[in-house]
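Below, each chain spelled out in residue letters.
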Amino acid sequence: MDAKTLHVDAGGGYDIVIEPGVLDRAGELVKATLPRAKKIFVLTDSNVGPVYGPRFVASLETRGFMVRTHVIPAGETSKCAASLVEIWSAMAAFGMTRTDGVAALGGGVVGDLAGLAASTILRGVDLVQAPTTLLSQVDSSVGGKTAIDLPEGKNLVGTFYQPRLVLMDPEVLSTLPTDVFMSGMAEVVKYGCIWDREFFDFLAARPTREALMAYITHILYTCCDIKRKVVNEDEHDTGLRMILNFGHTLGHAYELAGDYVKWSHGQAVAAGMVTAANLGVELGVTAPDVPGKIKGVLASLGLPTEISCGFEHIEKAVGVDKKSSGDFVTLILIEDIGKVKPLKIQKSDALELLSRMLGR
Ligand SMILES: NC(=O)c1ccc[n+]([C@@H]2O[C@H](COP(=O)([O-])OP(=O)(O)OC[C@H]3O[C@@H](n4cnc5c(N)ncnc54)[C@H](O)[C@@H]3O)[C@@H](O)[C@H]2O)c1
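Residues numbered from 1 in each chain as written. Predicted model: local features only at pLDDT ≥ 70, side-chain atom pairs only at ≥ 80, totals over all residues.

(A) Highlighting the overall build of the protein chain. Across its full length, the protein chain holds 14 helices and twelve strands. The principal-axis extents of the C-alpha atoms in the protein chain amount to approximately 60 × 40 × 35 Å. (Helix = DSSP H or I, 4+ residues; strand = E, 2+ residues; numbered from the N terminus.)

The structure is reproduced here in structure tokens:
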């Protein structure tokens, strides 16, 4: 595994360091990025903390930082207002000042929560992301979206708050359960679908975790490079950034249908991408061989390519989709692998077509 660095211009500008073992260099890199910070508040979860926390903290302490570690129970249920209040209190009790920093060591749940806490405590302190799942490395740690869930829905409260540094250690992916790794692969395949045909073909030729891990630095780099280009263009999600939602509207319908338990986000997005490709073919936008190609790659990774769900869930997901305004919704379609094509159409037309396609 080799090392690579990418620079994101959004926010004040920051580096994404993709490097095996970089967690052991956290102290050195955080010191260089946040020279005025004395204290670092580390947020982690009950799975990641015991395995990677000691190394990460030791590296920070070696460079003279005072560190306080706060561990949340692993899982999406921790991404809630009650956890946020506890984290704010722990930060205040630690005596943080505005020049100190927060580090998120964990998956997307830890990253989203730490980001929201960092953006609000003392009206904002510096944030370092150290993502430990494939999904958080290729997606949530880059781009500055933070959030908590409410009982009324996912990610309903949040901020845009770019990190100052992202430390991405590919080696930590070795301890991920297979389903969590493969869930992240759905987002990886998405980047190929919307942006990079060569990358899609590269993935198609490597259908096992072992084969993918042999090229993991290249995979992380390629995904983060696409995400940073999109985020640099559209930091606050008002335009281009919507292309990252390929497969996500229908994915949300599938997640909803399974009460967020039956299907993980990645599994739901996988099936959502296939439905979106089929929809594109029906609309005459997508080349007819595209759904089969996407299905082939996803199936070889053990991801679902079809999920049945009540039409009411599809109606709800299309209705509340953030890409919808008034009577219209923007469907993220692809013309071909690597060529995204957003299409604004009447919501009623989209629903009628989906209802016909899904035989309802
Ligand atoms: N901010 C964004 O732009 C953005 C984008 C996509 C998703 N998200 C959010 O990300 C969250 C999902 O992220 P996730 O899939 O990383 O879930 P997660 O953070 O819940 O992690 C999944 C599981 O893997 C465990 N884990 C993490 N790293 C590990 C490691 N190295 N070894 C072993 N186990 C490990 C965790 O403890 C957890 O049990 C959702 O809340 C979603 O809304 C945010």
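(B) Geometry of the site of the ligand. As a matter of local geometry, the ligand sits amid 26 residues, with Asn 47, Gly 107, Gly 108, Thr 133 and Ser 140 nearest to it. Secondary-structure elements contributing two or more residues to the shell around the ligand are helix H4 (108-120) and helix H5 (134-140). Here the shell around the ligand is composed, by residue class, of eight nonpolar, twelve polar and six charged. (Near = placed C-beta within 6 Å. Nonpolar A, V, L, I, M, F, W, Y, C, P; charged D, E, K, R; others polar.)

(C) Up close: unusual backbone geometry. At Arg 123, a residue that is not glycine, the phi angle is positive and equals roughly 65°. The exposed category is assigned to Arg 123, around which 7 C-beta atoms lie within 10 Å. In this structure, Asn 155 takes a positive phi of about 55° despite not being glycine. Take Asn 155: it is sitting in strand S8 (residues 153-157). (Buried ≥ 20, exposed ≤ 12 C-beta atoms within 10 Å, placed from the backbone.)

(D) Local environment of the environment of Leu 220. As for its placement among the helices and strands, Leu 220 is situated in helix H9 (residues 216-233). Residue classification places Leu 220 among the buried residues on the basis of 24 C-beta atoms within 10 Å. Linking Leu 220 and Val 318, residues 98 residues apart in sequence, is a C-alpha distance of 30 Å. With residues near it in sequence (within four places) discarded, Leu 220 still touches Ile 18, Gln 137, Val 138, Met 168 and Pro 170. (Contact = placed C-beta atoms within 7 Å.)

(E) Highlighting the sheet that holds strand S1 (residues 4-8). One open sheet accounts for seven strands, arranged S1-S2-S9-S6-S5-S3-S4; its pairing is mixed. Bordering the open sheet on either side are S1 and strand S4 (66-72), each of which pairs with just one other strand. On average, adjacent strands in this sheet sit at an angle of 15° to one another, irrespective of strand direction. Bridging between strand S5 (residues 101-106) and strand S6 (residues 126-131) involves six bridges; their strand directions are parallel. Within S6, the position partnered with Gly 106 by the bridge is Pro 131. Taken strand by strand, H4 contacts strand S3 (39-45), S4, S5 and S6, and its axis lies near 170° from that of S5. (Pairing = 2+ DSSP bridges. Axes fitted to C-alpha atoms, helices over the stretch in contact; angles between N-to-C directions.)

(F) Structural context of H4. The end-to-end C-alpha distance of H4 is 18 Å, a good match for the 18 Å that 13 residues give at a rise of 1.5 Å each. Across the 13 residues of H4, eleven count as buried, placing the element largely inside the fold. A positive phi of about 55° marks Leu 122, the residue just after H4. (Expected span 1.5 Å × (residues − 1).)

(G) Structural context of the pairing of S5. Within S5, six of the six residues are buried, leaving the element largely enclosed by the surrounding structure. Where burial is concerned, the two faces of S5 agree: the one with Gly 101, Ala 103 and Leu 105 and the one with Val 102, Ala 104 and Gly 106 are both buried. Across five bridges, S3 lies against S5 in parallel orientation. Looking at S5, one finds that Ile 40 is bridged to Gly 101.

(H) Inspection of the packing of helix H6 (residues 178-195) against H9 at higher detail. Two elements in contact, H6 and H9, have axes whose closest approach is 10 Å; the angle formed by their N-to-C orientations is 55°. As far as their axial angle goes, H9 and H6 are oblique. The handedness of the crossing between H6 and H9 is left-handed. Contacts between H6 and H9 involve Val 188, Tyr 191 and Trp 195 from the former and Ile 219, Thr 222, Cys 223 and Ile 226 from the latter. When its residues are assigned to classes, the contact of H6 with H9 shows six nonpolar, one polar and no charged. (Parallel < 35°, antiparallel > 145°, perpendicular 65-115°, else oblique. Left-handed = near helix turned anticlockwise from the far one by under 90°.)

(I) Focus on the domain arrangement of the protein chain. According to the domain assignment, the protein chain contains domain 1 (4-174) and domain 2 (179-357). Here domain 1 and domain 2 have C-alpha centroids that lie 27 Å from each other. Listed by partner, the interface residues are 20 residues for domain 1 and 21 residues for domain 2. Of the residues that constitute the side of domain 1 that touches domain 2, the class distribution is 13 nonpolar, four polar and three charged. (Domains from an automatic or database assignment.)

(J) The pairing of strand S11 (residues 328-336), seen in detail. In terms of strand pairing, S11 meets strand S12 (residues 339-346) through eight bridges, oriented antiparallel. Looking at the pairing, Val 329 lines up with Ile 345 of S12. What sits between S11 and S12 in their antiparallel hairpin is a turn of two residues, with Gly 338 showing a positive phi close to 90°.

(K) Region of interest: helix H10 (residues 248-257). Within H10, ten of the ten residues are buried, which leaves the element mostly enclosed by the surrounding structure. Each element contacted by the buried residues of H10 is listed here: helix H11 (265-282) and helix H13 (311-320).

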